Amino acid sequence: MKSEDTPFEGGPMDGRVLPVLLGLTGHPPKTYRIPVPDPHGGPPTVLVYRRVPRGHGRLTQRWKYVHDPSGDQGGSRLRWPWSKPDAKPDATPGATPDDADG
């Protein structure tokens, strides 16, 4: 698999450059999660970094990761456009296309 040296900004990884595996499209993942073990044996802390554009290379888009202190708010499941919980219906319930305002 192909990898790309990708810089990290913010958080504990600030200033580091890590090789990140690229997906089938040639892009790194949108989120990069780094589990950090708890020194006292508790559950690990997960650092979350989000991919943002860094500029263009010769032929491809370049990326960097920025620390997201809010954590896993973005979720890890697929989000389909038609399954938004706050989506408003296109028509009034019970109305037919032939109904007029009056």
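In what follows, the accompanying structure is described. Keep in mind the model is a prediction, meaning the values are calculated, not measured.

**A word on the overall build of the protein chain**
Of regular secondary structure, the protein chain possesses 0 helices and 5 strands. Starting at the N terminus and ending at the C terminus, the protein chain contains elements arranged as β-β-β-β-β. Here the protein chain holds 102 residues, and the buried ones make up 17% of them. As displayed, the protein chain has an accessible area near 8,300 Å², and 56% of this comes from carbon and sulfur atoms.

**Examining the layout of surface pockets**
Within this model, the second largest pocket holds a volume of roughly 180 Å³. In this structure, the second largest pocket is lined by Lys 2, Ser 3, Glu 4, Leu 22, Gly 26, His 27, Thr 60, Gln 61, Arg 62 and Trp 63. Going through the elements one at a time, β1 (3–9) and β5 (61–67) are the ones with two or more residues in the lining of the second largest pocket. Top contributing element to the lining of the second largest pocket by residue count: β5, with 3 residues. In terms of residue class, the lining of the second largest pocket is made up of 2 nonpolar, 5 polar and 3 charged.

Rules behind the numbers
Sequence order as written defines the numbering, with residues in each chain counted from 1. Local features in this predicted model are restricted to residues whose pLDDT is 70 or higher, and side-chain atom pairs enter the listing and the counts only when it is 80 or higher, whereas totals over whole chains, interfaces and linings include all residues. Derived side-chain values reflect all non-hydrogen atoms in the structure, with water molecules and hydrogen atoms excluded from consideration. Secondary structure elements follow DSSP: runs of H or I no shorter than four residues count as helices, runs of E no shorter than two count as strands, and numbering proceeds from the N terminus. Three exposure classes are used, based on accessible area relative to the maximum for each residue type with a 1.4 Å probe and protein chains only: buried under 20%, partly exposed in between, and exposed over 50%. Note on areas: Shrake-Rupley, 1.4 Å probe, and residue coverage restricted to the protein chains presented here. In this analysis the probe radius is 1.4 Å and the grid spacing 1 Å, with only protein atoms considered; a cavity is a set of points the probe fits into but cannot get out of, a pocket is an open set with protein on both sides within 12 Å along at least five of seven lines, and lining residues have an atom within 4 Å of a point. Grid points are joined across faces, edges and corners, and a volume is the space filled by probe spheres set on the points. As a working rule, the residues Ala, Val, Leu, Ile, Met, Phe, Trp, Tyr, Cys and Pro are called nonpolar, Asp, Glu, Lys and Arg charged, and the rest polar, with Gly in that last group.

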